[in-house]
6 protein chains.
Amino acid sequence: MNYLASSQSGKIVLFGAPFDGTATFRPGARFGPQAIREASQVLETYSPNQDADLEDISFEDRSDIELPFGDPQPVLDIIQATVERIVAENKLPFMLGGEHLVTLGAIKALVPLYPGLKIIHLDAHTDLRDDYLGQKLSHSTVIKRIADIIGIDSIRQIGIRSGTKEEFALSKKIMATPADIIAWAKKSPCYVTCDLDILDPSVFPGTGTPEPGGFYFNQLNDALVLMISKLNVIGLDVVELAPQIDPSGASAVVAAKVVRECLIALGKK
Amino acid sequence: MNYLASSQSGKIVLFGAPFDGTATFRPGARFGPQAIREASQVLETYSPNQDADLEDISFEDRSDIELPFGDPQPVLDIIQATVERIVAENKLPFMLGGEHLVTLGAIKALVPLYPGLKIIHLDAHTDLRDDYLGQKLSHSTVIKRIADIIGIDSIRQIGIRSGTKEEFALSKKIMATPADIIAWAKKSPCYVTCDLDILDPSVFPGTGTPEPGGFYFNQLNDALVLMISKLNVIGLDVVELAPQIDPSGASAVVAAKVVRECLIALGKK
Amino acid sequence: MNYLASSQSGKIVLFGAPFDGTATFRPGARFGPQAIREASQVLETYSPNQDADLEDISFEDRSDIELPFGDPQPVLDIIQATVERIVAENKLPFMLGGEHLVTLGAIKALVPLYPGLKIIHLDAHTDLRDDYLGQKLSHSTVIKRIADIIGIDSIRQIGIRSGTKEEFALSKKIMATPADIIAWAKKSPCYVTCDLDILDPSVFPGTGTPEPGGFYFNQLNDALVLMISKLNVIGLDVVELAPQIDPSGASAVVAAKVVRECLIALGKK
Amino acid sequence: MNYLASSQSGKIVLFGAPFDGTATFRPGARFGPQAIREASQVLETYSPNQDADLEDISFEDRSDIELPFGDPQPVLDIIQATVERIVAENKLPFMLGGEHLVTLGAIKALVPLYPGLKIIHLDAHTDLRDDYLGQKLSHSTVIKRIADIIGIDSIRQIGIRSGTKEEFALSKKIMATPADIIAWAKKSPCYVTCDLDILDPSVFPGTGTPEPGGFYFNQLNDALVLMISKLNVIGLDVVELAPQIDPSGASAVVAAKVVRECLIALGKK
Amino acid sequence: MNYLASSQSGKIVLFGAPFDGTATFRPGARFGPQAIREASQVLETYSPNQDADLEDISFEDRSDIELPFGDPQPVLDIIQATVERIVAENKLPFMLGGEHLVTLGAIKALVPLYPGLKIIHLDAHTDLRDDYLGQKLSHSTVIKRIADIIGIDSIRQIGIRSGTKEEFALSKKIMATPADIIAWAKKSPCYVTCDLDILDPSVFPGTGTPEPGGFYFNQLNDALVLMISKLNVIGLDVVELAPQIDPSGASAVVAAKVVRECLIALGKK
Amino acid sequence: MNYLASSQSGKIVLFGAPFDGTATFRPGARFGPQAIREASQVLETYSPNQDADLEDISFEDRSDIELPFGDPQPVLDIIQATVERIVAENKLPFMLGGEHLVTLGAIKALVPLYPGLKIIHLDAHTDLRDDYLGQKLSHSTVIKRIADIIGIDSIRQIGIRSGTKEEFALSKKIMATPADIIAWAKKSPCYVTCDLDILDPSVFPGTGTPEPGGFYFNQLNDALVLMISKLNVIGLDVVELAPQIDPSGASAVVAAKVVRECLIALGKK
């Protein structure tokens, strides 16, 4: 299964957002999307878990968008325009990060288009700081920036185990299980943003800000497949693979399997 | 515990089959046997789990056999001859891979010698393709080649989580638990082939084709020790360690501990 | 949270003991303390688990003590003097290894000062050999040397899964659970020595002598926090991180989180 | 300069031959072509050395051809057919290895089409063995196989510093400098095969069989640019980058710069 | 020689500028200053080349300044303020990068203070682009930004071997040898900015944008020592070590030796 | 050429001394001898440079001697006894380190046996400190310890570029070229000790204490072959390969080629 090899056209549009300019500990997430494509070659297209095959799913891969490095504002503008274009084509955006700030560009595109949009945030970190050393645009403030737009009550969090005391005061109110979230979101349009550092570093060392004590692979996979199957998901991202940090390549394979399972869960419906 | 250090003679014969010419994603399993020997130095000879000591087990290590690179047919012939020679000495072959195709050489030697032979296959992948890009001899077709010789009903699989839809149609019929297998095989001669990628990549990243969502160490170890203790095992292999893929060396230590536990379980009886 | 950044003074005194001269398989633990400080930057100071913040804990970091390489006796003398000085200041020593032999220097300082001292030893290995190739001072004999001073009945072990048959004969008598230990030690002064190889190599590959089949992060963390909260801990060490063995850096982050949780558990009381 | 990014059509046809099944020491050259494309992004398209720009050169990149793993004969057949097709389109083949055996497939295609073909072989090793452990098709026999077809007098070697005594007896007769070769080949059609291990391991560690004491970058680059400029080159290959062996990525950048310089030298004329 | 260990005060002020947000190929230069300090431990303080000892040089290390990640403008403002403060103390700034854009912050501080300031730029790349994908602030535009302030005639370049055709048209006019530069600058105040990728990747693989065909260690070292000895150097930087790209650590040692030699050459006078 | 594979008996006796307990910066030289054996497989037995074949040389490999870790005195005693035994068999010792301190054990054995013994020391470092943090036995004091026994006038040094001012005062008196040394030593018995960090880190990054600005491969190789050919060499060592520091493996290959060339130069006579 090599996404790049496919020249097909489809309903779900994968694209890479290779930006990592605000990473606070270790950069390198810019190499995430390409590493996912390369690692996808080790996987079969068939998912025994969902008894379905990626070859039967309507999707396309538009490769990485070209992004500048440095000031993040133009980067977010390009991502926003990319997502607007995909939705205008009546397709569903599936973004591969890149660091987590890229999600803000997608949300800016989607909020006006999907009234009542809800955000489902899987992560080890709350990402609810108001700024990071004065910077308002950071991978550690991205959910706060989204909350500024959409209200914190439209967000639910899974997997959180790191933040400041102040962040946890906020986060505790919106922590939820997949079952809670399905009951809460009902038919609303949902955007799922999955920071792969929700996984335990043993499973996923290849990320800039690992946090011990996290999810195992099947735990994350089951949560994603369940929520995507039950909810009205209108957009998705998988972020924060920094592949060069894990020289074994296992982290990239984990990310590629998460992406396959999400594609199949999205497309089966 | 350094196998190489031992110049002893014994009933169980370890040997390395350093071939990786058909690896479909990442080669390097040729370095597996030597890495197992080196990693064995970090382990004690005593197994608290089995309350027995490797020093009381009758085994020898014949080091790696010399294999050419390229066309796999002569490689399989050399392995077959090696196994035939070991059995002719009234000893039990324990092969360290190398990639999984090496198992075919061993099976070719053993089938005529052990009527009613049964194969117990531990792996993440079905290995039941009929060919890989036209090649009949591949580490992704090895169990199909063995089934061609011995019949698929003489095979049972544990740990499978990757394959094509067609492979799973076959594999589902022969998936089993260790308890099922003990009941099924009874007194029959059994060959155990353990592809270490049955383990989760967090436990065993050092392999060419990692597949997330796998076994933990004790889960594999308990299954092997149980089956070896209860069954009439007449040959064994442990394959697909590609040590350079895991620069921490942990994968080689995992493989070495699996080998120690198998040696003790085999020899205690 | 960067320990080095802090120029504060406090009740708990962190210091590094960068020695690895007796490591039997792979050296490199000398780089452990500095790697813990650097990795601590990725962690928040707040512990959601204990609902407490490192910023409210009275501690200081005295950086690494200068140690020679080679003969371990002068190394142990320097560590002993360092710990004596800390206790003389009415402070609590928290040593970052370095290999496990460094614990002996600390214990030599503490035994005369704390009658009835008990040792709580978390490790994969018994460390109860009497010598290693003739050397009495080794990271594989350290608990035996301590038992020579304090008596084996004053020691309890958690997590042990590797040793010789002779070592296990001893070790079995002193293996215990955290609950057992709390009941046993009561109000006695306790020293906790935590060899991080108690963790499974999937969680903590960055150590000289990994042993498959070990603890997961939360299992270790919960045991440490529970025991520190309930016992009269008068000294502590965390040893055997060899960071360069794990190029992903995850092991250093795991060690840094263990240290944060211990500091908070010690300081909250 | 990212070859992959270009969807242009051109006179020179790059393609990757990702095969490494006969590598005698360390495999991994299958990843060479893709690594060259990725590393090419760090380079400018302009060559100050040749004062010319890759953007003015007529070339295209057909990406990697799909090759099976295992028996090398079908691999060579596919390469031969690929080169025949390129020449039939009146274009010039420029193959990126892969291991050195891939050259044999290209030569088999070209010999019937270019009477009087001459081979210019840059390498650390003679590659003149008749077999390797019985295998006739090996990266260490490839020049001997070519000599079997075309005669050893049609071959010249540069950079050789490793071989058996027997190989050197042959090789000494065909060792030459670039100036010698220009005088010798005159207007004849020439094929240049460049095994990058001609470079010193300090410059190019990322190869399966490094040999100390080799060429520096400018020494190789100047030789290639000079010969390509002066000779009637009708085909070219650059082989034996095994990128994962050099985690710094410098070897891939070196290979990409060699490829850029060859493309410009070929296309300027 | 560990800079960090020194709590001395001195005339030359080292400080780290750990920013890498505009790196166009591979980030990681933020870890450069700390890696230089750690690597400095392997070096002696005595320079046989200059027959002088760092212990006799008046310098201090103010460690890394705290910089945000993301938008580079506030980063440059902090660097500018830092350099202004150092000069106000009548000391000489010696900045350790970080990526090359950090130089712009220093120059902005120095231009008003040193009329007739000249810039000596050692690098593989011209860094004379006007923008990179629209971004005016980039490590590939930094010398153009400086030329915008000070005029290109106040700049001289050494070691350049990569750029666009347009950049080379400019660069050719200001390329010079150390001897040329000494004759040109005379008594003028000079700022030396040394991008370590001027070195050949064999010597210095640990950098984001390696360019084959560069300087050897002694060639760079001799040029720097000569120019610093002869010129009126009022500020200096050494940038673009990305240490994690070179797992051998050799690149960090090379950088640390360059820094030692510059400190001694600056301080001897 | 795999030394281990050979079960031959010969005049020159290779053995490994896997000790690294006094390494001052980065340990790991204990893995040097085994890495040299493994890397030797990539090399041919024939030396084009000397036009001679290792297969015609009378040598044997006794593998690694077993050494304890910790206090270096018993280690040196074992090495001394090993060398005494080899000379008693009328054979020539060729030790593979390990760190440089191992040389002291060999010299202690040889001084009483060879009156007028001269030491030829190739190294980047003088190794003439009297102690290192109080330790008299250290890899940075080894030549001083030897000078204490044999007198500094019986030693000559090549390649030195690092030391304290005090060490250089001594070292300058005994620095020499190979030609100087041949003239000086005449027919005296000579011991050659080659610390591989004499090489530039670009050629040999795999060592604990790299020092930029060193020898290239052919420069070292020519010096060794010349001196061994002309002098009465009665013992030899090659030390300080720490193979895990260079993940490309090139350093191990460099060491193996140096060893091959020395074996041939020694044995040809």
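Residues numbered from 1 in each chain as written. Chains lettered and ligands numbered in written order. Predicted model: local features only at pLDDT ≥ 70, side-chain atom pairs only at ≥ 80, totals over all residues. Heavy atoms only, no water.

Q: Looking at this structure, how should I read the overall build of chain A?
A: Within chain A one finds 8 helices and 9 strands. Taking 2.2 N^0.38 as the reference for a compact globule, 269 residues should give roughly 18 Å; the C-alpha atoms of chain A span a radius of gyration of 17 Å, in line with that estimate. Principal axes of the C-alpha set define a box for chain A whose edges measure 45 × 40 × 35 Å. The long-range fraction of contacts in chain A, counting pairs at least 24 apart against all pairs at least 6 apart in sequence, stands at 79%. Carbon together with sulfur atoms contributes 52% to the accessible area of chain A, which is approximately 8,100 Å² in total. Treating the 25 positive side-chain charges of chain A as one cloud and the 34 negative ones as another, the clouds have centres 7 Å apart. (Helix = DSSP H or I, 4+ residues; strand = E, 2+ residues; numbered from the N terminus. Rg over C-alpha atoms; globule rule 2.2 N^0.38 Å. Contact = heavy atoms within 4.5 Å. Areas by Shrake-Rupley, 256 points an atom, 1.4 Å probe, with all protein chains shown as cover. Lys, Arg positive; Asp, Glu negative; His and termini not counted. Charge placed at Lys NZ, Arg CZ, Asp CG, Glu CD.)

Q: What is the right way to read the relation of the copies chain E and chain A from this model?
A: Between the two chain copies there is a screw-like relation: a rotation about an axis and a shift along it. Aligned on chain A, chain E shows an RMSD of 0.0 Å; the corresponding rotation is 180° and the shift along the axis is 0.0 Å. The transformation just described matches what one would write down for a two-fold rotation axis. Minimal C-alpha separation from the rotation axis in chain E is found for D71 of chain E, amounting to 2.0 Å. Here 100% of the contact residues of chain E are again contact residues in chain A; the copies associate through an equivalent surface. (Least-squares fit on C-alpha atoms with pLDDT ≥ 70 in both.)

Q: I'm lost on the confidence of the model for chain A in this one. Help?
A: Note: predicted coordinates in regions of low pLDDT should not be interpreted at a detailed level. Here chain A shows a mean pLDDT of 96. Residues at 70 or above account for 97%. We note a pTM of 0.97 for the whole complex and an ipTM of 0.96 for its interfaces. (pLDDT = per-residue confidence, 0-100.)

Q: What's the story with the packing of helix α2 (residues 72-88) of chain C against helix α3 (residues 102-110) of chain C in this structure? I'm lost.
A: For any two helices packed against each other, the geometry is given by the interaxial angle and the distance between the axes. Residue and element names in this part refer to chain C. Two elements in contact, α2 and α3, have axes separated by 7 Å at closest approach and are oriented at 45°. Put simply, α2 runs oblique to α3. Regarding α2 and α3, the two cross each other, and that crossing is right-handed. The residues of α3 that touch α2, namely those facing Q73, L76, I79, Q80, V83, E84 and V87, are V102, L104, G105, A106, K108, A109 and L110. Residue composition of the contact of α2 with α3, grouped by class: 9 nonpolar, 3 polar and 2 charged. (Axes fitted to C-alpha atoms, helices over the stretch in contact; angles between N-to-C directions. Parallel < 35°, antiparallel > 145°, perpendicular 65-115°, else oblique. Left-handed = near helix turned anticlockwise from the far one by under 90°. Nonpolar A, V, L, I, M, F, W, Y, C, P; charged D, E, K, R; others polar.)

Q: Whenever I open this one, the arrangement of the chains confuses me. Can you help?
A: Contact between chain C and chain D is absent, and the minimum C-alpha spacing across the pair is 11 Å. With no contact formed, the shortest span from any C-alpha in chain B to any C-alpha in chain E equals 11 Å.

Q: Mind showing me how you'd approach the pairing of strand β9 (residues 232-239) of chain C here?
A: When a strand is regular, its side chains alternate between the sheet's two faces. All names here are of chain C. For β9, a buried count of 7 out of 8 residues is recorded, marking the element as mostly surrounded by other parts of the structure. Here strand β5 (residues 92-97) runs beside β9; their pairing, made up of 3 bridges, is parallel. In the strand pairing of β9, F94 is matched with L236. Sheet topology places strand β8 (residues 189-195) next to β9; 7 bridges connect them, and they run parallel. Among the inter-strand pairings, C194 is bridged to a residue of β9, identified as V238. (Buried < 20%, exposed > 50% of the residue type's maximum accessible area, 1.4 Å probe, protein only. Pairing = 2+ DSSP bridges.)

Q: Can you help me understand the environment of T126 of chain B in this one?
A: Residues and elements named next belong to chain B. Positionally, T126 belongs in the loop between β6 (118-122) and α4 (142-150). As for T126 and L96, which are separated by 30 residues in sequence, their C-alpha atoms are 20 Å apart. Those residues in contact with T126 that sit more than four places away from it in its chain are H121, I143, Q157, I160, S162, G163, E167, F168 and S171. Polar contacts involving the side chain of T126 include one to the side chain of E167, which spans 2.4 Å. (Polar contact = N/O pair within 3.5 Å; in protein donor to acceptor, adjacent residues only side chain to side chain.)

Q: Just to check I follow, could you spell out the interface of chain A and chain C for this structure?
A: A common measure of how large an interface is: the accessible area buried when the components associate. Between chain A and chain C, the residue contacts involve 23 residues of the former and 21 residues of the latter. With both sides pooled, the region where chain A packs onto chain C buries about 1,700 Å², and carbon together with sulfur makes up 61% of that total. Together, F25, K165 and P212 of chain A form the three largest contributors to the area buried by chain A at its contact with chain C, with a combined 30%. One can count 2 salt bridges joining chain A with chain C. Linking E211 of chain A and K257 of chain C is a salt bridge whose minimum nitrogen-to-oxygen distance equals 2.7 Å. (Buried area = accessible area lost by both parts, 1.4 Å probe. Salt bridge = Lys/Arg side-chain N within 4 Å of Asp/Glu carboxyl O.)

Q: Just to check I follow, could you spell out the nonpolar core for this structure?
A: As a rule of thumb, soluble globular proteins bury nonpolar side chains together. All names here are of chain A. One finds F94, L122, L196, L199 and L220 to be the most contacted residues of the largest nonpolar core, which totals 54 residues. Top element by residues in this core is helix α8 (residues 250-268). It accounts for 12 residues. Setting aside residues no more than four positions away along its own chain, L220 makes contact with L122, C194, L196, I198, L199, F215 and V258. (Core = buried A, V, L, I, M, F, W, Y, C linked by side-chain atoms within 4.5 Å.)

Q: Could you clarify how one ought to interpret the relation of the copies chain A and chain C in this entry?
A: Expressed as a screw operation, the relation of chain A to chain C combines 0.0 Å of axial shift with a rotation of 120°, fitting to an RMSD of 0.0 Å. Such a turn and shift between the copies fits a three-fold axis. Taking the C-alpha atom as reference, chain A places S202 of chain A closest to the rotation axis, 3.1 Å from it. A different interface surface on each copy is seen, since only 13% of the contact residues of chain A are contact residues in chain C too.

Q: I would appreciate a short explanation of the state of the cysteines in the present structure.
A: Here is the idea: a disulfide is a covalent bond, and it sits between the sulfur atoms of two cysteines. Taken as a whole and judged by the stated rule, the model has 0 disulfides over all chains. With no disulfide of its own, C190 of chain C lies closest to C262 of chain C among cysteine sulfurs, the gap being 14 Å. On the basis of relative accessibility, which here comes to 0%, the residue C190 of chain C falls in the buried class. C262 of chain F carries a free sulfur, and the closest cysteine sulfur to it, the one in C194 of chain F, is 6.8 Å from it. Given the relative accessible area of 2%, C262 of chain F is considered buried. (Disulfide = S-S within 2.5 Å.)

Q: Would you take a moment to explain the interface of chain E and chain A for this structure?
A: The interface of chain E with chain A comprises 22 residues on the first partner and 22 residues on the second. When chain E packs against chain A, close to 1,700 Å² is buried across both sides, 59% of that on carbon and sulfur atoms. Its largest share of buried area at the contact with chain A, chain E owes to F69, L133 and Q135 of chain E, together 32% of the area lost on that side. Counting every contact that joins chain E to chain A gives 10 residue pairs in polar contact (both at pLDDT 80 or more). Its residues placed into classes, the side of chain E that touches chain A shows 11 nonpolar, 6 polar and 5 charged.

Q: Quick question: what am I supposed to make of the sheet that holds strand β5 (residues 92-97) of chain B here?
A: Strand pairing in a sheet relies on backbone hydrogen bonds. The paired strands run either parallel or antiparallel. Residues and elements named next belong to chain B. The strand order across the open sheet formed by 7 strands is β4-β1-β5-β9-β8-β6-β7, and the pairing between neighbours is parallel. The sheet is open, and its two borders are formed by β4 (59-64) and β7 (155-158), each paired with just one other strand. Recorded for the sheet is a direction-independent mean angle of 20° between the axes of neighbouring strands. Note: β6 against strand β8 (residues 189-195), 5 bridges, orientation parallel.

Q: Any chance you could explain the sheet that holds β5 of chain C here in plain terms?
A: Residue and element names in this part refer to chain C. Strand order in this open sheet of 7 strands is β4-β1-β5-β9-β8-β6-β7, and the pairing throughout is parallel. This sheet does not close on itself; its edge strands, each paired only once, are β4 (59-64) and β7 (155-158). Ignoring strand direction, the axes of neighbouring strands in this sheet form an average angle of 20°. The sheet strands contacting helix α4 (residues 142-150) are β6 (118-122) and β7, and the helix crosses β7 at an angle near 155°.

Q: Can you help me understand the pairing of β5 of chain B in this one?
A: All names here are of chain B. The buried fraction of β5 amounts to 6 of the 6 residues, a majority that puts the element mostly inside the structure. Across 6 bridges, the pairing between strand β1 (residues 12-17) and β5 is parallel. Its bridge partner being in β5, V13 is matched across the sheet by P93.

Q: Which parts of the structure should I look at to understand the pattern of salt bridges?
A: Should the charged atoms of two oppositely charged side chains come close, the side chains can pair. Across all of its chains, the model carries 84 salt bridges over all chains by this definition. For the salt bridge of D130 of chain A with K144 of chain A, the shortest nitrogen-to-oxygen distance reads 3.4 Å. With D130 of chain A in the loop between β6 (118-122) and α4 (142-150) and K144 of chain A in helix α4, the pair connects residues that are 14 residues apart, well separated along the chain. By relative accessible area, D130 of chain A is classed as partly exposed at 32%. For R62 of chain C, the salt bridge is made with E89 of chain C, and the minimal N-O distance between the two is 2.6 Å. With R62 of chain C in strand β4 and E89 of chain C in the loop between α2 and β5, this pair connects stretches of sequence that are 27 residues apart.

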